[in-house]
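# Structural overview for review
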Amino acid sequence: MQETRKVVIVGSGAAGYTAGIYAARANLSPILFGGVSMGGQLMITSDVENFPGFAEPVMGPELMERMMKQCKRLGVEIVAENVAKIDFSKRPFRVETTEGKVAFAETLILATGAKAKLLDIESEKRLMGHGVSACATCDGFFFKGKELFVVGGGDTAMEEATFLTKFASKVTVVHRRDSLRASKIMQDRAQRNPKIHWIWNATVVEVLGKEMVEGVRLQDVNTGKTTDHKTQGLFVAIGHDPASQLVRGQLELDAAGYVKTDGHTRTSVPGVFAAGDVMDPHYRQAITAAGAGCMAALEAERFLAAHETVAA
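Residues numbered from 1 in each chain as written. Predicted model: local features only at pLDDT ≥ 70, side-chain atom pairs only at ≥ 80, totals over all residues. Heavy atoms only, no water.

### Considerations on the pattern of salt bridges
A full pass over the atoms with the stated rule returns 16 salt bridges. Of the charged contacts in the structure, one is a salt bridge between Glu77 and Arg5, with a shortest N-O distance of 2.3 Å. Of this pair, Glu77 sits in strand S5 (residues 77-79) while Arg5 sits in strand S1 (residues 2-10); the two residues are 72 residues apart in sequence, bridging distant segments of the chain. Exposure remark for Glu77: the relative accessible area of 30% places this residue in the partly exposed category. (Salt bridge = Lys/Arg side-chain N within 4 Å of Asp/Glu carboxyl O. Helix = DSSP H or I, 4+ residues; strand = E, 2+ residues; numbered from the N terminus. Buried < 20%, exposed > 50% of the residue type's maximum accessible area, 1.4 Å probe, protein only.)

See below:
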């Protein structure tokens, strides 16, 4: 494979698949490099209740499979390989996979997503989706009347804890320091909430439970002493890592590594667009990622209409 495509999409979550759908319907013959683990973060999400069009909850992997099938039906070429290199120094942009496949792109849509930072303990991985979550707005609804724990001390943790009080009877925030890193307004909002309680100078060293979360084991960072606490859910809110390593040094990024766009998915390089969690540090929802994928495809179509076709 060494050919020039009007649109090359890198990433296969809600943003990438939606970009593929719109690009295909515009007769742009897109190719989508989805990686060896197709589907993005929704592949580790259980019930999705907030994606429009589904009267009943849909499993995250099923939603991604439906999007992929829709892409294929419309003619999107999907390659399940990781992209190793992208050269934005000139158009057409050169894209190379880890398997050595090369494609040239008149326009490129980056939809590589972001991953929640996790605690990196075995019990957390085992119970992910079974009481452990990294997204309160995705999963909070399932914890009505429950007692929950939130790990973190930044704005994300304060926002998640505050949001969860809409459903939970009690939310306990665990932070490894004795003061929060969150902005003053976010701290004040959380600390005024009567449902939010605090445990300082502690880390989660184990999530307790066999099939569902039943508790957490905390370790005091000063004394090393461990204590067990009952809870029915653990929300990890210690930040996200945008998957922007491929474009570092080529596209303009913010301080946290998210790709900067102009509000219309356009990046600092003409002809390169970004959609989904790789450019969105605020919402991180499947529906907003899909919307951005739509925008990116429409912007790519307009860019191509305004520029003459370039040869490889």
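### Brief notes about the layout of surface pockets
Estimates place the volume of the second largest pocket at around 290 Å³. The wall of the second largest pocket is formed by 15 residues, among which Thr156, Arg181, Ile238, Gly239 and His240 lie closest to the centre. Secondary structure elements with two or more residues in the lining of the second largest pocket: helix H5 (155-164) and strand S18 (240-242). Across the lining of the second largest pocket, the residue classes tally to 5 nonpolar, 5 polar and 5 charged. (1 Å grid on protein atoms, 1.4 Å probe; cavity = no way out; pocket = protein on both sides within 12 Å on 5 of 7 lines; lining within 4 Å. Points joined across faces, edges and corners; volume = space filled by probe spheres on them. Nonpolar A, V, L, I, M, F, W, Y, C, P; charged D, E, K, R; others polar.)

### Quick look at the side chain of Gln187
Structurally, the position occupied by Gln187 is in helix H6 (residues 184-191). Not counting residues within four places of it along the chain, the set of residues in contact with Gln187 comprises Leu180 and Ala182. (Contact = heavy atoms within 4.5 Å.)

### A closer look at the sheet that holds strand S16 (residues 226-230)
Spatial strand order, S14-S15-S16: 3 strands in an open sheet with antiparallel pairing. Two strands bound the open sheet, and with one partner strand each, they are strand S14 (202-208) and S16. Averaged over all pairs of adjacent strands, the angle between strand axes in this sheet comes to 30°, irrespective of strand direction. Where strand S15 (residues 215-220) lies against S16, 5 bridges are found, and the strand directions are antiparallel. Looking at S16, one finds that Gln219 is bridged to Thr226. (Pairing = 2+ DSSP bridges. Axes fitted to C-alpha atoms, helices over the stretch in contact; angles between N-to-C directions.)

### Considerations on the sheet that holds strand S11 (residues 147-151)
Judged by pairing direction, the sheet is parallel, and its 5 strands sit side by side in the order S10-S17-S11-S12-S13 without closing on themselves. What marks the edges here is a single partner per strand, and that holds for strand S10 (132-133) and strand S13 (196-199). Note that S11 and strand S17 (residues 233-236) share 4 bridges and pair parallel. By the bridge assignment for S17, Val150 is matched with Phe235. Sheet strands touched by H5: S11, strand S12 (170-174), S13 and S17. Its angle to S11, the strand with the most contacts, is close to 170°.

### Regarding the environment of Ile185
One can find Ile185 in helix H6. Through-space distance from the C-alpha of Ile185 to that of Ala26 is 45 Å; in sequence the pair is 159 residues apart.

### Observations concerning the packing of helix H1 (residues 14-25) against helix H2 (residues 60-74)
Contact geometry for H1 and H2: axes closest at 9 Å, N-to-C directions at 20°. For the element pair H1 / H2, the angle class is roughly parallel. Relative to H2, the crossing made by H1 is left-handed. Of H2, the residues touching H1 (which contributes Ala14, Tyr17, Gly20, Ile21, Ala24 and Arg25) are Met64, Met67, Met68, Gln70, Cys71 and Leu74. Among the residues forming the contact of H1 with H2, the class breakdown is 9 nonpolar, 2 polar and 1 charged. (Parallel < 35°, antiparallel > 145°, perpendicular 65-115°, else oblique. Left-handed = near helix turned anticlockwise from the far one by under 90°.)

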